[in-house]
Amino acid sequence: MQKVKIPQTVDPTRSAAKRLDYDGILVPNSLERLTGLVEEILSDVDVYLSFYVDLQGLTVFEGNAGTAVKCICQRCGEPFTLDLNVDFKYTIDQKKIENLGLTVDYDFTDVNEFGEVDIYSIIEDELILAIPYAPMHPIDECLVDKADWVNGEIVEEKKSNPFTVLNQLKSRK
Ligand SMILES: [Zn+2]
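1. Some details on the pattern of salt bridges
A side chain with one charge may pair with a side chain of the opposite charge, provided their charged atoms come close.
(1) Moving on: By the definition in use, this model includes seven salt bridges.
(2) Moving on: Note that Asp11 is salt-bridged to Arg14, the shortest N-O span being 3.7 Å.
(3) Moving on: Classification of Arg14 by relative accessible area gives exposed; the value is 54%.
(4) Moving on: For Lys70, the salt bridge goes to Glu40, with nearest N and O atoms at 3.6 Å. Of the two residues, Lys70 sits in strand 6 (residues 59-72) while Glu40 sits in strand 4 (residues 40-41), which places them 30 residues apart along the sequence.
(5) Moving on: Lys70 gets classed as partly exposed once you look at its relative accessible area, which sits at 29%.
(6) Moving on: Glu40 gets classed as partly exposed once you look at its relative accessible area, which sits at 38%.

2. Some thoughts on the coordination of the zinc ion
(1) Moving on: Cys73 (SG), Cys76 (SG), His137 (ND1) and Cys142 (SG) make up the full set of protein donors to the zinc ion, lying at 2.0 to 2.3 Å.
(2) Moving on: Binding-site remark: the zinc ion is held by donors from one chain whose sequence spacing is C-x2-C-x60-H-x4-C. Separated by 66 residues along the polypeptide, Cys76 in the loop between strand 6 and strand 7 (79-91) and Cys142 in the loop between helix 4 (119-129) and strand 10 (149-150) bring together distant segments of the chain. For the pair Cys76 and Cys142, a shared accessibility class is recorded, and that class is buried.

3. Comments concerning the packing of aromatic side chains
(1) Moving on: Counting across every chain of the model gives four aromatic pairs.
(2) Moving on: Ring geometry for Phe88 versus Tyr90: centroids 6.3 Å apart, planes at 55°, classification tilted.
(3) Moving on: By way of ring pairs, the aromatic residues Tyr22, Phe51, Phe61, Phe88 and Tyr90 are connected into one cluster.

4. A look at the pairing of strand 7
In the case of a regular strand, side chains alternate between the two sheet surfaces.
(1) Moving on: Pairing of strand 6 with strand 7 involves 13 bridges; the strand directions are antiparallel. Looking at the pairing, Val60 lines up with Thr91 of strand 7.
(2) Moving on: Counting the residues that bridge the hairpin from strand 6 to strand 7 gives six residues, and of these Gly77 lies at a positive phi of roughly 80°.

5. Topic: unusual backbone geometry
A negative phi holds for most residues other than glycine; trans holds for most peptide bonds.
(1) Moving on: We note that Arg19 has phi near 55°; this positive angle belongs to a residue other than glycine.
(2) Moving on: For Arg19, the position within the fold is in the loop between helix 1 (12-17) and strand 3 (21-26).
(3) Moving on: For Arg19, a relative accessible area of 49% translates into the label partly exposed.

6. Some points on the pairing of strand 6
(1) Moving on: Of all the 14 residues making up strand 6, ten are buried; the element is thus mostly covered by neighbouring parts of the structure.
(2) Moving on: Strand direction decides the pairing type here: strand 5 (residues 45-53) and strand 6, joined by eight bridges, are antiparallel. Across the sheet, Ser50 pairs through a bridge with Glu62, a residue of strand 6.
(3) Moving on: Here strand 5 folds back onto strand 6 in antiparallel fashion, the turn holding five residues, of which Gly57 has a positive phi close to 80°.

Calculation rules
Residues numbered from 1 in each chain as written. Predicted model: local features only at pLDDT ≥ 70, side-chain atom pairs only at ≥ 80, totals over all residues. Heavy atoms only, no water. Salt bridge = Lys/Arg side-chain N within 4 Å of Asp/Glu carboxyl O. Buried < 20%, exposed > 50% of the residue type's maximum accessible area, 1.4 Å probe, protein only. Helix = DSSP H or I, 4+ residues; strand = E, 2+ residues; numbered from the N terminus. Donors = N, O, S within 2.8 Å, 3.2 Å for Na, K, Ca; no water. Phe/Tyr/Trp six-rings, centres within 6.5 Å; stacked < 30°, edge-to-face > 60°. Pairing = 2+ DSSP bridges.

The following block contains the structure:
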């Protein structure tokens, strides 16, 4: 069966009240920032999303997303396939949580002026954060000659790292 596209924006309050689940895909060309960070997004992003109100009355959505991207190995300079799989759990009720002093393990996100969240943007952030700081082949598949290694560290300084932007993102989170 062909998978449906996940809607870009969703009203979490309404979806949680109806206990809605989404099972579908995002197409790579809707993920501009991720596209800019990797060589290529190799497949549609499989997404599962579930909206509900939890036992503390908080509006929550959780789910997972998975795809594969082509990256350049920062050790040997050859392309390789990196699988990205992320699980996430968000609430839109940060204020309520702070006012009531609740302890939760959700990430926070805000709704826009229409009461909606941008699902694409959230999933794209999650996928970007899942990319390692310096993506590399597993060591046994890497093409760098083991003789170039000293104590597991490459001797030569690699050229500038295109993933520096990730560090900034990560420190924001
Ligand atoms: Zn490599």
